Each structure stands twice: as C-alpha cells, then as structure tokens.
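Residue strings, one per chain:
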Amino acid sequence: MYNLVVFASGNGSTLQAIIDNINSGNLKAKIQLVVSNNPNAYALSRAQNDNIPTYIIRNNKSADIDIELLEVLSNYDIDLIVLAGYLKLIGSGLINKYTIINTHPALLPKYGGKGMYGMNVHRAVIEAHENESGVTLHYVNEKYDSGDIISQTVVPVYPDDTPEDLSSRVQRAEKVQLINSLKEFILNL
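Residues numbered from 1 in each chain as written. Predicted model: local features only at pLDDT ≥ 70, side-chain atom pairs only at ≥ 80, totals over all residues. Heavy atoms only, no water.

Visitor: Explain the pattern of salt bridges to me, please; I cannot follow it from the model alone.
Guide: As a working rule, side chains carrying opposite charge can pair if their charged atoms are close by. The full count for this structure, using the stated rule, is two salt bridges. With a shortest N-O distance of 3.0 Å, Glu130 and Lys110 are connected by a salt bridge. Here Lys110 lies in the loop between β5 (100–104) and α5 (118–127) and Glu130 lies in the loop between α5 and β6 (132–139), a separation of 20 residues in the sequence. Under the relative-accessibility criterion, Lys110 is labelled partly exposed at 46%. Asp161 is the partner of Arg169 in a salt bridge, and the nearest nitrogen-oxygen pair spans 2.3 Å. By relative accessible area, which is 9% here, Asp161 ends up buried. (Salt bridge = Lys/Arg side-chain N within 4 Å of Asp/Glu carboxyl O. Helix = DSSP H or I, 4+ residues; strand = E, 2+ residues; numbered from the N terminus. Buried < 20%, exposed > 50% of the residue type's maximum accessible area, 1.4 Å probe, protein only.)

Visitor: How should the pairing of strand β2 (residues 29–36) be read in this particular structure?
Guide: Each regular strand carries side chains that alternate between the two faces of the sheet. For β2, the tally of buried residues reaches seven of eight residues, placing the bulk of the element in the interior. Inspection of the sheet shows strand β1 (residues 2–7) paired to β2 by six bridges, in the parallel sense. Its bridge partner being in β2, Val5 is matched across the sheet by Leu33. The β-α-β motif built from β1, the intervening helix α1 (residues 13–23) and the parallel element β2 has right-handed crossover chirality. As judged from the three bridges shared by β2 and strand β3 (residues 54–56), these two strands associate in the parallel manner. Counterpart to Val34 in the pairing with β3 is Thr54. Between the parallel elements β2 and β3, the chain passes through helix α2 (residues 42–49) in a crossover that is right-handed. (Pairing = 2+ DSSP bridges. Right-handed = clockwise from strand over helix to strand, strands pointing away.)

Visitor: It is not clear to me how the pairing of strand β4 (residues 80–83) should be interpreted in this structure. Could you clarify?
Guide: Covered by surrounding structure in β4 are Leu80 and Val82 together with Ile81 and Leu83, the residues of both alternating faces. Judged from the four bridges that link them, β1 and β4 form a sheet pairing that is parallel. Of the residues in β4, the one forming a bridge with Phe7 is Leu83. Across three bridges, β4 lies against β5 in parallel orientation. Paired with Val82 across the two strands is Ile101, which belongs to β5. Each parallel crossover has a hand, and the one from β4 via helix α4 (residues 92–97) to β5 is right-handed.

Visitor: Whenever I open this one, the side chain of Arg169 confuses me. Can you help?
Guide: Mapped onto the elements of the fold, Arg169 is located in helix α6 (residues 163–187). In terms of polar contacts, Arg169 uses its side chain to reach the side chain of Asp161, at 2.3 Å. Excluding anything up to four places from it in sequence, Arg169 contacts Val155, Pro156, Val157, Tyr158 and Asp161. (Polar contact = N/O pair within 3.5 Å; in protein donor to acceptor, adjacent residues only side chain to side chain. Contact = heavy atoms within 4.5 Å.)

Visitor: Explain helix α3 (residues 62–73) here, please?
Guide: For the α-helix, the turn length of 3.6 residues means that residues three or four positions removed from each other point alike. Between its terminal C-alpha atoms α3 stretches 16 Å, which fits the 16 Å expected from twelve residues at 1.5 Å a residue. Every buried residue of α3 is listed here: Ile65, Asp66, Glu68, Leu69, Val72 and Leu73. Residues of α3 that are buried sit in contact with β1, β2, β3, β4 and α4. (Expected span 1.5 Å × (residues − 1).)

So this is what it looks like as structure tokens:
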C-alpha cells in the first residue's frame, strides 16, 4: 500500500478527491494522516468523516513547526506528502526527510510565490489578460512554488471569466492531474 500524508489549510476539496479515488479503488493508496495549520479547516472534517487521523499544528514559527512535524510524522510510514491547499512554507527538515509535492493553481513559474494562492492567483491571471492558466504539480523545496515541475495542465481563460469561473475549471483540472500523478508515483514505487 502506498502511504500518503496530506497537508491542507482550507476546504479540502482536493483531499476529498484523493479520498474518493482511494475509496473507489481507483487509487491504491492509504492516507495515514491529514495535517493542518488551521483548526477550522473543513479538510479536517473531511478526514474525520472517513476515519482518517488528523493533526493540528500547534506552533507558529517555521523552525518550530518543522521540529514539531518531524516528531509527529516519525510515527507514520510515509511514501509521499501531498500539499493540497496548504498555505505554510515547508521547513528544510521535512524537505530533507520526505518527498513532498504541491499543487499550484497556475502555470508556474508565472503567478507563484508568497501570497499567490487561491483567488489571488485567478484574479492576477485575469487582470493580466492571459489566454491560459492551469495547474502545476511540483516538488517542494524551501521557496514557495519554485521546486522542480512534475506536470502541468493548461486551462483556457475566457474573456468573460470571473476569478470564480476560472477557479472552478482549474480545480477540476487539478484533481484529475493530481490523481493521475499519484498513480504514476505508485507505479514507480
């Protein structure tokens, strides 16, 4: 079994896509733990609804979070950590110990970096009059959205798009891309 840990800060719709694909037998994996920096994240409820253990980060400083998570994660067998809407920078301790991937709602290197998440990205893409946006799956390093790219999916931007319209299309593409990439990781294990 391929063992995942998922980090999420918000709604957890990408987490739910992973859960649904595991439960349907489409993805041969197990989520060992869901981690969040936000005690009110709906992702935690999604995990609990599927009897997946959860952990809420207690510290606020990056160095302390890194130490805290290294200790917590040492109790689990982990093949891959998936950042699914997780908004904190990952520390070097975790990066050096685990393979970590992140989904980003744009075609990196454009529209990445600190503060570029969610609707902020989609607004920026529309305001720049881009014809296309998309999803990037990348390895995580010590800088926001700058790790090696694993895959990208292009999503068109239409002239009358709102940020919400674009977000909806990007999120659909993100889930398909992530599940397909996770299947590749499992095959290559």
